[in-house]
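Architecture at a glance
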Amino acid sequence: MKTKRILSVLCLTALTCVPASLSAQTANFDVVPAPRTVKSASGAPFIITEKTSIVYKKGDKAQQRAAQALAGYIERALHLRLDVTTKAAPQSITLSSAGKKDAAAEGYTINVSKDGIRIEGASDAGLFYGVQTLRKALPVLQSAAKGVEVPAGEVADAPRFAYRGAHLDVSRHFVTLDSVKRFIDMLALHNINRFHWHLTDDQGWRIEIKKYPKLTTVGAYRPETVIGHNTGKYDGKPHQGFYTQKEAREIVEYARERFITVIPEIDLPGHMQAALAAYPELGCTGGPYEVWKMWGVSDNVLCAGKDNVLKFINDVLTEITKIFPSEYIHVGGDECPKTQWAKCPACQKRIADNNLQADGKHTAEERLQSYVINHAEKTLNALGRQMIGWDETLEGGLAPNATVMSWRGEAGGIEAARQHHPVIMTPNTYLYFDYYQTKDVANEPEAIGGYLPLDRVYGYEPMPRELSPEEQKYIIGVQANLWSEYMPTYRQMEYMELPRMAALAEIQWAQPEKKDYKKFLKRLVRLIDHYDALGYNYARHIYEVNPKYIVDDVKHVIRAEMTTMDNAEIRYTLDGTEPTQQSPLYKGAVEISKDCTFKAAAYRPNSGRTRTQQESFTFTKATACPIRLLQPINGGYKFDGPVVLVDGLTGPDTNYRTGRWLGFSQADLEAIVDLGSAQTFSQAGVHTCVEKGDWVFDARGVEISISDNGENFHPVASEYYPEMKETDANKVYNHVLTFAPVTARFVKVKALSEHCMPSWHGSAGKAGFLFVDEIIVK
């Protein structure tokens, strides 16, 4: 967390590249996100000095705001105060807008000659993004008394996606109005144009609704908050806060001036316990309820059978549309447990009266949820708005005009696009910024779990290959989400966003052929100069050693390959001691063939030593052996594939998203390991992890069998387990079976998944997930 930033001198060419001797005083259009085209031109550069003017069209308020913003950016970066004027002047930066309204309206051009800079937007928004590009092209200096050179040439740019979103959850942890504005400024820096504001949830209602004042007098107050991951211990500290309608309108205007549309979310019919605490008559049981003090998903939801609930939805959405002028209003629709509905007479009557019985594809309660979501959509359509919902809104049938936000992987988005509904891709496997940024979680702020490093975010391609070109047209945008359960302060939220937001910006804006991770890292270093100037709190993992551990199943070793973004010196150890500059110098892949603790750190002359990267390897007879699976891994949890099970690295905890575990659903683990020759062993099995609230259950059984030829197997051991109880612990379970010694070349390990979750679970009857790691044979 306290690793010092490196000082990197980049040798570049053409307009994006300048001589190293001039780089500190020269602009560079190699920015994030990467522009479509950057062309150099012969001739002298333009020099920005204190005599440079910024010129805009008289009477054009949008251009005036852009000019004033640019002047502010330049003063912060260069310490030069430029004149902003409507009078044409030599040696000036001139702003203009073509006033287009079509889909390409966010495009812009920047032309640079020795006589000046001209930024022309296809629209006011395009002009704004042109200003952002020039802003990011400028160096951040202590002094620019001699001026800053801007190389002659042209930038021509436009975004790939019209919808470029970022989400912020202020329900779990409230943040001040100033913090929300700071977040919006951060979006503007990254060319993001949609701010998804998650305002309501079980743990707090954060927006004033005049017709229901107790939503904020009661629903915005949480007496205390659970410590950690639902430990049962509480901090005893009240947490409260909400935004008045006046304050919300202030945010809308602040965002509008930065060409950002605020999309509010009122999550329904689930995630509503804070509302039920205020108005218990809206629930199935009538309460009493309290604003939820823990994390997860509450079973207490709006009663879909009561007419006053439908009126509540109408009233709330009507007030919301008067505050927020956005085309879209988000109504959630996710994670709505239906246990209350299943036993609620009013809900069952609604099902019967509207013929919402199970249809083979959907349960009656799923169709009841669709009924509620359709009601919300009709309300919004009557108010001239469109609805967005999470991908659960597909369950029970999609509302006619709905836009789907696909978060549980891409499957929901693909299905919606095939039904010709607009889709925004926001898969948790790539774009949930509440996940850890590194596997070294002991030295990170507490997070929900997961593992989403910068390179994985950057590698996301939002256009699924499964869709035809016609269907791909329905993928209208991309968004990253930040859920704040484990982020009690805005500074921590900022840390979780940055620099991953830079990778998001490139996905949203740049054309796929422009993406190159190594080049992106070099551009990111320049953007981080602006982060520093703005005082942003960002993660610094890009400067650390980037390890990759590769299974060599021919030599039966693990190859440790290490890189840094700038080819810094790497020192390593294999005995668990901390690396020093006297430790072995990394020159190429290190082969690991036995138990060890591998540690590595980078050294740079100007910034010293980075944080240590380390892994502990445990070898058994199965480690680094060829492996094949007979049943498919779940698409969202393939990670590096079957080799994860024989890489010598054991999943240390129940964080099943780190890449250490493989996930199976509606399929079992059935793996065949080739030991290379006949081996004698008396133990075999796997580890499983359990997080029941996430549908992750223990194995229902483990079977071990052996073979001499890899085709004909006979069993040697098995164990079978009852379905899990609600009180069973979430933890890592060891399923290594012991038996009389056997000799064989091939061993098959089969772990049976939970195909029908038990009745006590909120999603009873559905298939659970089985997560397994490291096949043990010894």
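Presented here is a report on the structure given in the accompanying data block. (Residues numbered from 1 in each chain as written. Predicted model: local features only at pLDDT ≥ 70, side-chain atom pairs only at ≥ 80, totals over all residues. Heavy atoms only, no water.)

Observations concerning the nonpolar core
In this structure, Ile93, Phe195, Trp197 and Trp205 are the most contacted members of the largest nonpolar core, which totals 171 residues. Grouped together as the second largest cluster of nonpolar side chains are 33 residues, Leu669, Val702, Ile704 and Ile706 included. (Core = buried A, V, L, I, M, F, W, Y, C linked by side-chain atoms within 4.5 Å. Buried < 20%, exposed > 50% of the residue type's maximum accessible area, 1.4 Å probe, protein only.)

A look at the packing of helix α7 (residues 307–323) against helix α10 (residues 364–382)
Following both chains from N to C, one finds α7 and α10 inclined at 40°, their axes separated by 10 Å at the closest point. Along this stretch, α7 crosses α10, giving a crossing that reads as right-handed. In contact with Leu310, Ile313, Asn314, Leu317 and Thr321 of α7, α10 contributes Tyr371, Val372, His375, Ala376, Thr379 and Leu380. Partitioned by chemical class, the residues of the contact of α7 with α10 number 7 nonpolar, 4 polar and no charged. (Axes fitted to C-alpha atoms, helices over the stretch in contact; angles between N-to-C directions. Helix = DSSP H or I, 4+ residues; strand = E, 2+ residues; numbered from the N terminus. Left-handed = near helix turned anticlockwise from the far one by under 90°. Contact = heavy atoms within 4.5 Å. Nonpolar A, V, L, I, M, F, W, Y, C, P; charged D, E, K, R; others polar.)

A few points about unusual backbone geometry
Glycine 287 connects to proline 288 through a cis peptide bond whose omega is 5°. Counting through the fold element by element, proline 288 comes out in the loop between α6 (273–278) and α7. Leucine 498 connects to proline 499 through a cis peptide bond whose omega is 5°. Note that proline 499 resides in the loop between α15 (490–497) and α16 (500–509). Notably, glutamate 774 is not glycine yet its phi reads approximately 45°, a positive angle. Mapped onto the secondary structure, glutamate 774 falls in strand β35 (residues 769–777).

Here's the deal with helix α17 (residues 517–534)
Turn by turn, an α-helix covers 3.6 residues, leaving residues three or four places apart pointing in a common direction. Over its 18 residues, α17 extends 25 Å from the first C-alpha to the last, a length consistent with the 26 Å expected when each residue adds 1.5 Å. Of the positions making up α17, those classed as buried are Phe520, Leu521, Arg523, Leu524, Val525, Arg526, Leu527, Ile528, His530, Tyr531 and Leu534. Along its buried surface, α17 packs onto α1 (61–78), α2 (124–137), α3 (177–189), α13 (454–458) and α16. Capping the start of α17 is the job of one residue whose side-chain oxygen sits 3.1 Å from the backbone nitrogen of lysine 518: aspartate 516. Glycine 535 occupies a position one or two residues after α17 and carries a positive phi of about 75°. (Expected span 1.5 Å × (residues − 1). Polar contact = N/O pair within 3.5 Å; in protein donor to acceptor, adjacent residues only side chain to side chain.)

A few points about the sheet that holds strand β22 (residues 546–552)
Strand order in this open sheet of 3 strands is β22-β23-β25, and the pairing throughout is antiparallel. Only two strands of the sheet have a single neighbouring strand rather than two, namely β22 and β25 (590–592). Strand-to-strand twist in this sheet, taken as the mean axis angle between neighbours without regard to direction, amounts to 30°. One ladder, built from 7 bridges, connects β22 with strand β23 (residues 557–563); its direction is antiparallel. Paired with lysine 548 across the two strands is glutamate 561, which belongs to β23. (Pairing = 2+ DSSP bridges.)

Observations concerning the sheet that holds strand β10 (residues 163–169)
Read around the closed barrel, the 8 strands follow the order β10-β11-β16-β17-β18-β19-β20-β21; overall the barrel is parallel. Pairs of neighbouring strands in the sheet enclose a mean axial angle of 30°, with direction left out of account. Of the strand pairs in this sheet, strand β20 (residues 423–425) and strand β21 (residues 475–480) are connected by 3 bridges, and their pairing is parallel. Looking at the pairing, valine 423 lines up with isoleucine 475 of β21.

Concerning the side chain of asparagine 191
Structurally, asparagine 191 can be placed in the loop between α3 and β11 (194–198). Residue contacts for asparagine 191: discarding those within four places in its chain leaves Pro33, Tyr129, Gln132, Lys136, Arg164 and Trp509.

Some thoughts on the state of the cysteines
Taken as a whole and judged by the stated rule, the model has 0 disulfides. Left without a disulfide partner, cysteine 596 is nearest to the cysteine sulfur of cysteine 625, which lies 17 Å away. The class of cysteine 596 is buried, set by a relative accessible area of 12%. (Disulfide = S-S within 2.5 Å.)

Remarks on the pairing of strand β9 (residues 153–157)
Burial along β9 is one-sided: the residues Gly153, Val155 and Asp157 are buried and none of Glu154 and Ala156 is. As paired strands, strand β1 (residues 37–40) and β9 are joined by 4 bridges and run antiparallel to one another. Its bridge partner being in β9, valine 38 is matched across the sheet by valine 155. Alignment of strand β6 (residues 108–113) against β9, held across 5 bridges, turns out to be antiparallel. Bridging across to β9, tyrosine 108 finds its partner in aspartate 157.

Looking at the packing of aromatic side chains
Geometry of an aromatic ring pair is reported as the spacing of the ring centres plus the angle between the planes. Going through the model one piece at a time under the given rule, you end up with 33 aromatic pairs. Look at tryptophan 390 and tryptophan 483: their rings are 5.8 Å apart centre to centre, the planes differ by 50°, and that puts the pair in the tilted class. Placement of the pair is tryptophan 390 in strand β18 (residues 386–390) and tryptophan 483 in the loop between β21 and α15, with a sequence separation of 93 residues. Take tryptophan 390 and tryptophan 483: they sit in the same class, and that class is buried. Aromatic side chains tyrosine 549 and phenylalanine 598 sit 6.2 Å apart centroid to centroid with 85° between the ring planes, which places their arrangement in the edge-to-face category. Remark: phenylalanine 598 occurs in strand β26 (residues 596–604) and tyrosine 549 occurs in strand β22; sequence separation between them is 49 residues. (Phe/Tyr/Trp six-rings, centres within 6.5 Å; stacked < 30°, edge-to-face > 60°.)

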